[in-house]
Amino acid sequence: WFGVSNFAMAIGGKVVLLDAWVPRGAHSGYVPTSPQELAALRPRAIFIGHAHFDHAADAVPIALASGAPLVGTEEHCGDFQARSPGMPVPCIGAIPHQAKPGTRARVPLFKRLRVTAVKNLHSTITGPDGYHVPVLPFPGTTFLEHPPTPEDLLHLVGRLPDDEGGSVLYRFRLGGFTLVWNDSAGPLIERHPQALDVLRALRPVDVQVGAIQGFNQFTNGLRDPRTYIEALRPRIFVPAHHDDWAVGITTQGWRYRPYLRDELAHMPERARPRVRFISDPQDYLNPRAVRFRLDRWSR
């Protein structure tokens, strides 16, 4: 884990990146890696959940340095190419232009590792449903303890306007093991309930690595992330996108623990996943924090 919903994942003898931004600009030196180190991993592919700066600001430099194709929507590919005029950026638009949430596509990159892309819905504020308590994170102090360098601040300012370009959820299947990764959780239950049927069809899911921090937390708490968990029914849930990466709107991940515990209590006990909680900064670049032996998941 290298911040927000960004992961370097080794699976089936291959290294892939899930999103591509080393958090910096609001602070410096909090996440102990760099885009250059990520490119040196020689990833076989870079999967983009959506193209906002906190998920894809380093996508083009890493792709060009490593030769790994970017994978996302057709909109992502057009945007990434525009970021590097005159330099071809390898990119696979798995999800067609303006596809509706729930649109599903196969990503034929690997033989043994089967990858499915599903058009997702980005988090957004909706009116309070009357049942959920807002989550208002205590302001973090990371920017005071790790003040930003001018270079990192310029990097952040330059990428702040980056467009979402659509959001994508990915399922990775290797033998009997299935992992789902989503870097945003939108109000599907209100905006696109039919997409929940598509998520249910992705079962069985062993591990879900999912975003819990989002815009709707300010009105409906962690309801939307729970909706994804209920649809996917993972055996283990790894919460992400909950660390202190921005000034004024984020905080350290451990503060989300009680909110997630209370939200999962809305589910029947037998349906709740085991939670593998990761927290910043101690779990950044810690491979033991999120590690699974595939031979334990044979069916």
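**Student:** Before we move on, can you summarise the overall build of the chain with the specific residues and values?
**Tutor:** Looking only at helices and strands, the chain has 11 helices and 12 strands in total. Rg of the C-alpha trace for the chain: 18 Å, near the compact-globule value of 19 Å for 299 residues, within the 12% margin. For the chain, the C-alpha atoms occupy an extent of roughly 50 × 45 × 35 Å along the three principal directions. Counting the 299 residues in the chain, one finds 57% classified as buried. Considering only contacts within the chain whose residues lie at least 6 apart along the sequence, 74% involve residues at least 24 apart. For the chain, the accessible area works out to roughly 13200 Å², and carbon and sulfur atoms hold 54% of it. Counting 34 positive and 28 negative side-chain charges, the chain places the averaged centre of each group 12 Å from the other.

**Student:** Tell me about the pattern of salt bridges, and please be specific about residues and values.
**Tutor:** Evaluated as defined, the whole model comprises 13 salt bridges. For E263, the salt bridge identified is with R226, shortest N-O distance 2.5 Å. Of the two residues, E263 is situated in helix α11 (residues 257-264) and R226 in helix α10 (residues 223-232); the sequence distance between them amounts to 37 residues. A residue is classified by how much of its surface remains accessible, and E263, at 6% relative accessible area, is buried. Taking the relative accessible area as the measure of exposure, R226 reaches 11% and is therefore buried. Each of D79, R83, R159 and D162 takes part in salt bridges that share partners, so that together they form one network.

**Student:** Tell me what's going on with the environment of P61, and back it up with residues and numbers.
**Tutor:** Along the polypeptide, P61 turns up in helix α3 (residues 59-66). Residue classification places P61 among the partly exposed positions, given a relative accessible area of 44%. Separated by 136 residues in the primary sequence, P61 and D197 have C-alpha atoms spaced 36 Å apart.

**Student:** Give me the lowdown on the packing of aromatic side chains, citing residues and values where you can.
**Tutor:** In the structure shown here, the tally under the stated rule is 10 aromatic pairs. A connected cluster of aromatic rings, assembled from ring pairs, spans F47, Y170, F172 and W181.

**Student:** Explain the state of the cysteines residue by residue, including any values.
**Tutor:** Evaluation of the coordinates by the stated rule reveals 1 disulfide. Across the disulfide, C77 is cross-linked to C91 (sulfur-sulfur distance 2.1 Å). In this structure the cystine formed by C77 and C91 twists about its S-S bond by roughly -80 degrees; its chirality is therefore left-handed. Taken together, the residues C77 in helix α4 (residues 74-83) and C91 in strand β5 (residues 91-95) connect sequence positions 14 residues apart. For C77, a relative accessible area of 16% gives the class buried.

Thresholds applied
Residues numbered from 1 in each chain as written. Predicted model: local features only at pLDDT ≥ 70, side-chain atom pairs only at ≥ 80, totals over all residues. Heavy atoms only, no water. Helix = DSSP H or I, 4+ residues; strand = E, 2+ residues; numbered from the N terminus. Rg over C-alpha atoms; globule rule 2.2 N^0.38 Å. Buried < 20%, exposed > 50% of the residue type's maximum accessible area, 1.4 Å probe, protein only. Contact = heavy atoms within 4.5 Å. Areas by Shrake-Rupley, 256 points an atom, 1.4 Å probe, with all protein chains shown as cover. Lys, Arg positive; Asp, Glu negative; His and termini not counted. Charge placed at Lys NZ, Arg CZ, Asp CG, Glu CD. Salt bridge = Lys/Arg side-chain N within 4 Å of Asp/Glu carboxyl O. Phe/Tyr/Trp six-rings, centres within 6.5 Å; stacked < 30°, edge-to-face > 60°. Disulfide = S-S within 2.5 Å.

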